[in-house]
Amino acid sequence: MRNAFLAGRSIYLRPVEPEDAPHYQTSMNDEEVVRNLLVHRPLTREDQRRFNERAGAAAEPTEPVFAIVRTRGDLLLGATGLHAIDWRRRLAGFGIQIGRKGEWGKGYGTEATSLMLDYAFRDLNLNKVWLQVYEYNTRGIGAYTRVGFRVEATFREDRFTDGRYWDTFHMGILRREWERRKRGGTAGARAGRRAR
Amino acid sequence: MKTPFLVGEVIYLRPLEAEDGPAVAPWLRAAELTGRFAGALPMNEDAARNEVAAMTQDERQVSLAVALRADDRLVGVLRLFGLDANRRFAGYRLALASPSKSFRNHEVAAREATRLALGYAFDTLNLNRVYARVVTSDRAALARYKRLGFVEEGVLRQEAWREGRYEDVAALGVLRGEYRIRGESPKRGRARSR
């Protein structure tokens, strides 16, 4: 582990470094990755360099971004961040991308999301974290649901990709819900997993 | 009417001017408590003029002043914001002066302004979707939006902070072809032929 900011079981989060840029640029231009994200334009090397520079220096305090790294082999998997932290309403948006497609389906996204909720509620003292996910992103919806997000609204025909409109789900988790899950500890988490 | 852009029966919409800033600022403040810092920070008249000027220069939004046809009085401001070329949607927000003895037809004005904005959004801007958000305690606004064809798409829990407590926010959306033009609409003919 190098410069770990938040450590989980099999992954850790660290600041974004300039040398992460080539990996990110490749994944942020990969159709399969991007269709789950809020982007639809090509991303140049210079765009990516600037992004890494700003993110690594926390140039925007309301937009913290972390690199997601697999502990075994120190393998860069993707990135995660909070968006538009609103200190008055004490809420923030959540975003994540795992660009390393060979590592999909192994629970790393779920673990990173859970770490980010700890960061949002325990360290940043927020009251709510929300996110938007497209209806076809079943892997994402599964991960978010497992860590406690629930669907609060369905924005109809809010997303356009593959030549048609799709719905977007707005999901949210409140501080009190995160606290309850923490209090329940692993027992609650295990029961939840069993129920599913 | 002064520089009318879209004309209703009781109100008309005209371009928003920088000098409208000071009049408009308190309405924006009241209407935008679901937003970030708007309303929580002081804004002097110069800042209000700059804010309004910035709104009119932003290519991702269309902002219009709401004025009474009877006496050209400015009673509100509306915005189609976050225009997205790929997803063809925009957010909608209306900020009107509070109802008073001299502004009795508040509800009629709100309905007309919204109807005109939707007609413009779908028929002129060729959008596919318009969304709006309103605190769930604002029953009048909720009813008005639904009457105009908006569908309640969910409730965003605790996303507003007003007067010392969190409030839930209703998410409303209307798609092309769903918005209703009532009988008194200037687009009467088309509405009937649908």
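Structure shown above.
Residues numbered from 1 in each chain as written. Chains lettered and ligands numbered in written order. Predicted model: local features only at pLDDT ≥ 70, side-chain atom pairs only at ≥ 80, totals over all residues. Heavy atoms only, no water.

## What to know about the pattern of salt bridges
In step 1: Summed over all chains, the structure comprises 31 salt bridges over all chains.
In step 2: Of the charged contacts in the structure, one is a salt bridge between A:Arg150 and A:Glu177, with a shortest N-O distance of 3.1 Å. With A:Arg150 in strand 7 (residues 150-161) and A:Glu177 in helix 6 (residues 175-195), this pair connects stretches of sequence that are 27 residues apart.
In step 3: What makes A:Glu177 buried here is its relative accessible area of 7%.
In step 4: Several salt bridges share partner residues, and in doing so they unite A:Lys128, A:Arg150, A:Glu152, A:Glu177, B:Arg157 and B:Glu159 into one network. (Salt bridge = Lys/Arg side-chain N within 4 Å of Asp/Glu carboxyl O. Helix = DSSP H or I, 4+ residues; strand = E, 2+ residues; numbered from the N terminus. Buried < 20%, exposed > 50% of the residue type's maximum accessible area, 1.4 Å probe, protein only.)

## What to know about the environment of A:Ile173
In step 1: You can see A:Ile173 is positioned in strand 8 (residues 164-174).
In step 2: Residues A:Ile173 and A:Trp130, spaced 43 residues apart in sequence, show a C-alpha to C-alpha distance of 6.5 Å.
In step 3: When neighbours within four sequence positions are excluded, A:Ile173 is seen to be in contact with A:Leu117, A:Phe121, A:Asn127, A:Lys128, A:Val129, A:Val147, A:Gly148, A:Phe149, A:Trp178 and B:Arg157. (Contact = heavy atoms within 4.5 Å.)

## Notes on the interface of chain B and chain A
In step 1: Across the boundary between the two partners, chain B contributes 30 residues, which contact 34 residues of chain A.
In step 2: Buried area between chain B and chain A, summed over both chains or domains, comes out near 2700 Å², and the portion from carbon and sulfur atoms is 40%.
In step 3: There are 7 salt bridges connecting chain B and chain A.
In step 4: In this structure, B:Glu153 engages A:Arg156 in a salt bridge whose closest nitrogen and oxygen atoms are separated by 2.8 Å.
In step 5: Counting across the chain B and chain A interface gives 18 residue pairs in polar contact (both at pLDDT 80 or more).
In step 6: Here the side of chain B that touches chain A gets 10 residues from one element, more than from any other, and that element is strand 7 (residues 151-162) of chain B. (Buried area = accessible area lost by both parts, 1.4 Å probe. Polar contact = N/O pair within 3.5 Å; in protein donor to acceptor, adjacent residues only side chain to side chain.)

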